[in-house]
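So the chains spell out like this:
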Amino acid sequence: FTATALLQGQTRLATRGARSPYTCYLWQAYKEWLYSQVGQFPVPGDHNNSWMLNLVDLFQVRSPEATCVQALEQAQAGSIDQPFNDSQAEGGVIRVAPIGLFFIDRELSPKEVADLAGQAAALTHGHPLAYLPAAFHAYLINTVASLDLYLEEAVLQAKVVIANLYGDESQLDL
């Protein structure tokens, strides 16, 4: 669902010359994921959905984390500045790998990739111990997969980048 959201943002930019922030597409995609966990297949015709909700296999319940479900049932997304909750759970980190991969040699710098991943995690998980690791994870994937840095260098640089983004390196002790 994360990759689909990123593709929707890119498609909107390519076809219309403008797009909303990626977090808007991510929020909608994660709400569609929630529908695949609690809704029925086939999706009603009046439901505005992506192609992924046409895949019956996605409607197998995969033990969705309660924090994600509760957050996605809200009308408004959480954010780093206005968290919906104080969850430290891993739900935010497990969905950001596509962000690191998608932006290899694309419009966002590795620092911006990390920030987007942190924001993506904060949509549903408001504690720094949820969104900092997500930002760190996507930064590592982006820099190592693009062959810009070896893993050890990427880890050291990620600590500095994340601390500069979010201002609290104390959470980043390895």
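Here the residue numbering is sequential within each chain, running from 1 through the sequence in written order. Restriction of local features to residues with pLDDT of at least 70 applies here, the model being predicted, together with a cutoff of 80 or more for giving and counting side-chain atom pairs; totals for whole chains, interfaces and linings are based on all residues. Where side-chain values are given, they derive from all heavy atoms of the structure, hydrogens and water being excluded.

Visitor: Describe the overall build of the protein chain, listing the residues and the values that go with them.
Guide: Regarding its fold elements, the protein chain presents 7 helices and 0 strands. Here the globule rule reads 2.2 Å times residues to the power 0.38, and the radius of gyration is calculated from C-alpha atoms. A compact globule built from 174 residues should have a C-alpha radius of gyration of about 16 Å, and the protein chain, at 16 Å, falls within 12% of that. Referenced to the eigenvectors of the C-alpha coordinate spread, the extents of the protein chain come out at roughly 50 × 35 × 25 Å. Categorising residues by exposure relies on relative accessible area from a 1.4 Å probe, with only protein chains included: less than 20% of the type maximum marks a residue as buried, more than 50% marks it as exposed, and the intermediate range marks it as partly exposed. Taking all 174 residues of the protein chain together, the buried fraction comes to 45%. When contacts within the protein chain are restricted to residue pairs at least 6 apart in sequence, long-range pairs at least 24 apart make up 63% of them. Think of it this way: Lys and Arg go in the positive column, Asp and Glu in the negative one, and His and the chain ends go nowhere. A charged residue contributes its charge at one atom only: NZ of Lys, CZ of Arg, CG of Asp or CD of Glu. Charged side chains in the protein chain number 9 positive and 18 negative. The centres of these two groups are separated by 9 Å. Secondary structure elements are taken from DSSP: a helix is a run of H or I of four residues or more, a strand is a run of E of two residues or more, and numbering for both begins at the N terminus. Contact between two residues is taken to exist if any of their heavy atoms lie within 4.5 Å; hydrogens are not considered.

Visitor: How would you explain the packing of helix H6 (residues 128–145) against helix H7 (residues 151–166) if you had to name every residue and give the values?
Guide: At a minimum axis distance of 9 Å, the contact between H6 and H7 shows a crossing angle of 135 degrees. Viewed along their axes, H6 and H7 adopt a mutual orientation that is oblique. Helix-helix and strand crossings are classified by hand; for H6 and H7 the assignment is right-handed. Across from Tyr131, Leu132, Ala135, Phe136, Tyr139, Leu140, Thr143 and Val144 in H6, the residues of H7 making contact are Leu151, Ala154, Val155, Gln157, Ala158, Lys159, Val161, Ile162 and Tyr166. Whenever a helix is involved, its axis is fitted only over the stretch in contact; in every case the axis is a line through C-alpha atoms, and angles between N-to-C directions fall within 0 to 180 degrees. Angle categories: roughly parallel below 35 degrees, roughly antiparallel above 145, roughly perpendicular from 65 to 115, and oblique for all the rest. Crossings are assigned a handedness: left-handed for a near helix turned anticlockwise from the far helix by less than a right angle, right-handed for a clockwise turn.

Visitor: Report on the packing of aromatic side chains, specifying residues and quantitative values.
Guide: Only rings of Phe, Tyr and Trp enter the pairing, Trp through its six-membered ring, and a pair is recorded when the two centres are within 6.5 Å. The plane angle decides the type: under 30 degrees is stacked, over 60 is edge-to-face, the rest tilted. What the rule picks out here adds up to 5 aromatic pairs. Taking 5.3 Å as the distance between ring centres and 75 degrees as the angle between the ring planes, the aromatic pair formed by Tyr22 and Phe103 counts as edge-to-face. You can see Tyr22 sitting in helix H2 (residues 22–38) and its partner Phe103 sitting in the loop between helix H4 (97–102) and helix H5 (110–122), a full 81 residues away along the chain. A relative accessible area of 5% means that Tyr22 is categorised as buried. Judged by relative accessible area, which is 1%, Phe103 ranks as buried. Here the aromatic residues Tyr22, Phe102 and Phe103 are joined through ring pairs into a cluster of three or more. Think of it as a cone above the ring: NZ of Lys or CZ of Arg counts as a charge over the ring if it is within 6 Å of the ring centre and within 35 degrees of the ring normal. Sitting above the plane of the Tyr30 ring, Arg95 keeps its charged end 4.4 Å from the centroid. Over the ring of Phe102 we find Arg106; its NZ or CZ atom is 4.2 Å from the centre of that ring.

Visitor: Please provide a residue-by-residue account of the side chain of Thr2, values included.
Guide: Along the polypeptide, Thr2 turns up in helix H1 (residues 2–16). A polar contact is formed between the side chain of Thr2 and the side chain of Tyr30, at a distance of 2.8 Å. Here a polar contact is recorded for every N or O atom pair within 3.5 Å, except that within protein the pair must consist of a potential hydrogen donor and a potential acceptor, and residues adjacent in sequence are included only if both atoms are side-chain atoms. A distance of 2.8 Å separates a polar side-chain atom of Thr2 from the backbone oxygen of Arg95. When sequence neighbours within four positions are dropped, the list of residues in contact with Thr2 reads Leu26, Tyr30, Arg95, Pro98 and Ile99.

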